[in-house]
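# Structural features, examined
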Amino acid sequence: MEVKSTVTEGVTVLTPTGRVDTSTAKAFETSVMDAINASKKIAIGFNEIDYISSAGLRVVLMAGKKLQASGGVLVLINMPEKIFAVFKMSGFDKILKICSSFEEAKPFFN
Amino acid sequence: MLIKIKNNVDEIARLCDEVKKFCDDNGVSEEKYHDIVLILDELATNVINYAYPDGGTHTFTLDLHKDGDDRIVMKLSDDGIPFDPLARDNPDTESSLEEREIGGLGIFIVKQLSEVVEYSRVDDKNHLSVTVSVMNKNNNNSKE
């Protein structure tokens, strides 16, 4: 797993690749926390992962909590349907912002 | 297909590769492969993290096979401490972001993605059997 990081219009966009599982969740967490320490506007893209397990969902939840507490914004973007299904069954679609694209997420960062 | 797995998280990557091969050989769709590999990741992770608190190297097994045309059956067996993952409470998926906890989410996802999940403790081993439907959903855009 790798995490690509780009800054677009003031928003840090993180894109993990491969499997976000127990063995890679720690590296994912480090990338996400580093990004949060540097920016309060974070988007995470899910279009390049094979799957995300509960170990990875834990990191996303933690990021959401941290950014909400500090007045930041987290938006989850580019989620294939199979990945969205996992977020939905976990109830995360009710507590985290999920948008189909970066364009759609933009208003949340203004 | 019988896969032997050691109690080390680095085994998950190899497990995924083996499962991918099994799914390709058996004509399982990409979407169902996703569900199956996620289920097995969660279950194997549970065994690796909790079954052997005394440490040391242990090996547990996964028996993966097709049952008829439309089902995949996965049977995990380990000789670790008694552990029934189904006894865990489901997470509260209605709670707010601040209050939401992560515990129990893995097995909850497994239950959501599968048709049947059964636990038994036999001959000092934990046995977990999971059945997933892989029926073709031709004109049916099912969200399950």
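Our structure is the block above this text.
### With respect to the packing of aromatic side chains
All chains considered together, the criterion is met by three aromatic pairs over all chains. When the ring of A:Phe87 is compared with that of A:Phe92, the centres are 6.0 Å apart and the planes differ by 70°; the resulting orientation is edge-to-face. Centre to centre, the rings of B:Tyr50 and B:Phe83 are 6.1 Å apart; their planes meet at 40°, and the pair counts as tilted. Here B:Phe83 lies in the loop between strand S3 (71-78) and helix H3 (105-113) and B:Tyr50 lies in helix H2 (residues 30-51), a separation of 33 residues in the sequence. By relative accessible area, which is 44% here, B:Tyr50 ends up partly exposed. Of the aromatic side chains, those joined through ring pairs into one cluster are A:Phe46, A:Phe87 and A:Phe92.

### A short note on empty space enclosed by the protein
All names here are of chain B. Tallying each qualifying case throughout the model produces one cavity of 30 Å³ or more. Within this model, the largest cavity holds a volume of roughly 130 Å³. In terms of lining, the largest cavity is formed by Leu43, Asn46, Val47, Ala51, Leu76, Asp78, Phe83, Pro85, Tyr119, Asn126, His127 and Leu128. When contributions to the lining of the largest cavity are tallied by element, the ones reaching two or more residues are H2, S3 and strand S5 (125-133). With four residues, the single largest contributor to the lining of the largest cavity is H2.

### What to know about the interface of chain A and chain B
With 26 residues of chain A in contact, the opposing surface of chain B contributes 30 residues. Buried area between chain A and chain B, summed over both chains or domains, comes out near 2,300 Å², and the portion from carbon and sulfur atoms is 62%. Our count for the chain A to chain B interface comes out at two salt bridges. A salt bridge links B:Glu94 to A:Lys94; the shortest N-O distance between them is 2.8 Å. At the junction of chain A and chain B, the tally comes to seven residue pairs in polar contact (both at pLDDT 80 or more). Per-element tally for the side of chain A that touches chain B: the top contributor is helix H2 (residues 54-69) of chain A, with seven residues. The residue inventory of the side of chain A that touches chain B, partitioned by class, reads 10 nonpolar, eight polar and eight charged.

Calculation criteria
- Residues numbered from 1 in each chain as written.
- Chains lettered and ligands numbered in written order.
- Predicted model: local features only at pLDDT ≥ 70, side-chain atom pairs only at ≥ 80, totals over all residues.
- Heavy atoms only, no water.
- Phe/Tyr/Trp six-rings, centres within 6.5 Å; stacked < 30°, edge-to-face > 60°.
- Helix = DSSP H or I, 4+ residues; strand = E, 2+ residues; numbered from the N terminus.
- Buried < 20%, exposed > 50% of the residue type's maximum accessible area, 1.4 Å probe, protein only.
- 1 Å grid on protein atoms, 1.4 Å probe; cavity = no way out; pocket = protein on both sides within 12 Å on 5 of 7 lines; lining within 4 Å.
- Points joined across faces, edges and corners; volume = space filled by probe spheres on them.
- Contact = heavy atoms within 4.5 Å.
- Buried area = accessible area lost by both parts, 1.4 Å probe.
- Salt bridge = Lys/Arg side-chain N within 4 Å of Asp/Glu carboxyl O.
- Polar contact = N/O pair within 3.5 Å; in protein donor to acceptor, adjacent residues only side chain to side chain.
- Nonpolar A, V, L, I, M, F, W, Y, C, P; charged D, E, K, R; others polar.

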